[in-house]
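So the chains spell out like this:
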Amino acid sequence: SPRSNDSRPTWPTSETRRHMHASLQDKVVLVTGAAGGIGRAIAERFANQGSLVVVNDIDADAAGAVVESIVASGGRASAAIADVSNGGQVAEMFETVMAAHGTVDVLVNNAGLVSPMLHFFDADEAWWRKIIDVNLTGHFLCSHRAARIMAKAGGGCIINMSSGGATRAHRAFTAYDASKGGIEALTRAMALDLGPYNIRVNALMPGSIDTAGLDIDQRTLRGENVPLGRIGEPHDMTGAALFLASDDASYITGDVIRVDGGMLAQQRSATVDIMPPSDFPKIEDL
């Protein structure tokens, strides 16, 4: 993609992106944890395709701001406030969505916790349970509700959010990595149980995505260890989400799509590899 001076990719306008996936027009898409970051980018991109997007978050004001932004851009959206780790709140959320829209065609399980970072020796049961409850149990609770709706409607799509920590490991992220490993196992198991009901279940695996607005030095440093040479942006996740939800992916289920700039394809990070990118041939010498 073309780049701007700060190395962030530039993208087509919402109008040129709209309706690239005709099968997503008028679909009801529920995105959890969509008040910011990856969730917001995915919600906005579905709205650009003509989907009716339900923006879930625990932050009512932030969710409302996303809805206002989508509507101002010509899309359709509503807010659904709930803590995905709370079964009662999840049930109320789905009742509200059904009363307003009549169905849920696509569920994107994006809500999750990353922090606080704690070394294993510093961790306690409350920390463990909080991260597991939001990240893993939240996926189960929302999927359990959505799948019943989808089955009665003749099918649907569930997209879970994994991480490189599902198959590798981060230091001081014991609970987070365990939750993401569980999400990939849950994705496979759900795909088998729900396939006969024409419900496809897949997962996205983000790489190093800048959801916090890092400064240029931090972005450059983190991008050095990515084979594509840059840190990811929230909108880098949106194309894969659209694909998985569309009819183009009608024979894909139980899979994980990596959107990581090649991070997991490498044996070691660039800074410690035998030949780092700084030793690669220069373009002018080719």
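What counts as what
- Residue positions are counted from 1 within each chain, in the order its sequence is given.
- For this predicted model, a pLDDT threshold of at least 70 governs which residues receive local features, and a threshold of 80 or more governs which side-chain atom pairs are given and counted, while totals over whole chains, interfaces and linings are taken from all residues.
- Here the side-chain values reflect all heavy atoms present in the structure, with hydrogen atoms and water set aside.
- Secondary structure elements follow DSSP: runs of H or I of four or more residues count as helices, runs of E of two or more count as strands, with numbering from the N terminus.
- Under the convention used throughout, the expected extent of a helix is 1.5 Å for every residue step, that is, one less than its residue count.
- Note on classification: 1.4 Å probe, protein chains only; a residue is buried when its accessible area is under 20% of the maximum for its type, exposed when over 50%, partly exposed between these limits.
- The directions from the helix axis to the C-beta atoms form the arc being described.
- Polar contact criterion, stated in full: a pair of N or O atoms within 3.5 Å, where within protein one must be able to donate a hydrogen and the other to accept it, and residues adjacent in sequence count only if both atoms are side-chain atoms.
- The rule is short: rings of Phe, Tyr and Trp, with Trp giving its six-membered ring, pair when the centres are within 6.5 Å, and they are stacked under 30 degrees, edge-to-face over 60, tilted in between.
- In this description, the term disulfide denotes a pair of cysteine sulfurs within 2.5 Å.
- Scored from 0 to 100, pLDDT reflects the predictor's confidence in each residue.
- Any two residues having at least one pair of non-hydrogen atoms within 4.5 Å are treated as being in contact.
- Any two strands with at least two DSSP bridges between them are considered paired.
- Each axis is a line fitted through C-alpha atoms, and for a helix only the stretch in contact is used; angles between axes span 0 to 180 degrees, taken between their N-to-C directions.
- Throughout this description, any angle smaller than 35 degrees is read as roughly parallel, any larger than 145 degrees as roughly antiparallel, any in the 65 to 115 degree range as roughly perpendicular, and the remainder as oblique.
- Note on convention: the crossing is left-handed when the near helix lies turned anticlockwise from the far helix by less than a right angle, right-handed when the turn is clockwise.

Asker: If you had to explain helix H3 (residues 60–72) to someone new, which residues and values would you point to?
Answerer: The end-to-end C-alpha distance of H3 is 18 Å, a good match for the 18 Å that 13 residues give at a rise of 1.5 Å each. The set of residues buried in H3 consists of Ala63, Gly64, Val66, Val67 and Ile70. The buried side chains of H3 occupy one side of the element, clustering within an arc of 155° when seen end-on. Every exposed residue of H3 that faces more than 90 degrees away from the buried side is listed here: Asp61, Glu68 and Ala72. Its side-chain oxygen at 3.2 Å from the backbone nitrogen of Asp61, Asp59 defines the N-terminal cap of H3. Downstream of H3 by a residue or two, Gly74 has a phi angle that is positive, lying close to 95°.

Asker: Quick rundown of the packing of aromatic side chains? Include the residues and the values.
Answerer: Throughout the structure, instances matching the rule amount to one aromatic pair. An angle of 80° between the planes, with centres 5.5 Å apart, marks the rings of Phe173 and Tyr176 as edge-to-face. In this structure Phe173 comes out as buried when scored by relative accessible area, which is 12%. On the accessibility criterion, Tyr176 (11% relative accessible area) is buried.

Asker: Please give an account of the state of the cysteines that cites residues and values.
Answerer: On inspection of all chains with the given rule, the structure shows zero disulfides. Note on Cys142: no disulfide assigned, nearest cysteine sulfur contributed by Cys157 at a separation of 15 Å.

Asker: So what's going on with the confidence of the model for the protein? Which residues, and what values?
Answerer: On average, the protein scores 91 in pLDDT, and the residues at 70 or more come to 91%. Confidence drops under a pLDDT of 50 for residues 1–14, and excluding neighbours within four residues, the segment shows 26 contacts in the predicted structure.

Asker: I'd love a proper account of the sheet that holds strand E3 (residues 76–81), names of residues and values included.
Answerer: The parallel open sheet is built from seven strands, whose spatial order is E3-E2-E1-E4-E5-E6-E7. Each edge of the open sheet is held by one strand with a lone partner, namely E3 and strand E7 (256–259). Neighbour-to-neighbour, the strand axes of this sheet turn through a mean angle of 20°, independent of strand direction. As judged from the four bridges shared by strand E1 (residues 28–31) and strand E2 (residues 52–57), these two strands associate in the parallel manner. Its bridge partner lying in E2, Leu30 is registered against Val54. Most of the contacts of H3 go to E3, to which it runs at about 175°, and overall it touches E2 and E3.

Asker: Outline the packing of helix H5 (residues 125–153) against helix H6 (residues 174–194), listing residues and values.
Answerer: Orientation of H5 relative to H6, taken along the N-to-C sense of each, is 15°, at an axis distance of 9 Å. On the basis of the axis angle, H5 is roughly parallel to H6. In this structure, H5 crosses over H6, and the sense of that crossing is right-handed. Of H6, the residues touching H5 (which contributes Trp127, Trp128, Ile131, Ile132, Asn135, Leu136, His139, Phe140, Ser143 and Ala147) are Thr174, Ala175, Tyr176, Ala178, Ser179, Lys180, Gly182, Ile183, Leu186, Met190 and Leu194.

Asker: For unusual backbone geometry, give the residues involved together with the corresponding values.
Answerer: Each neighbour pair has its own omega, and for Ser115 with Pro116 the value is 5°, a cis peptide bond. Note on placement: Pro116 falls in the loop between strand E4 (106–109) and H5. Positive phi values are uncommon outside glycine, yet Asp26 reaches one of about 70°. Of note, Asp26 is situated in the loop between helix H1 (14–17) and E1. Positive phi is not limited to glycine here, since Asn198 has a value of about 65°. Within the element layout of this structure, Asn198 appears in the loop between H6 and strand E6 (199–206).

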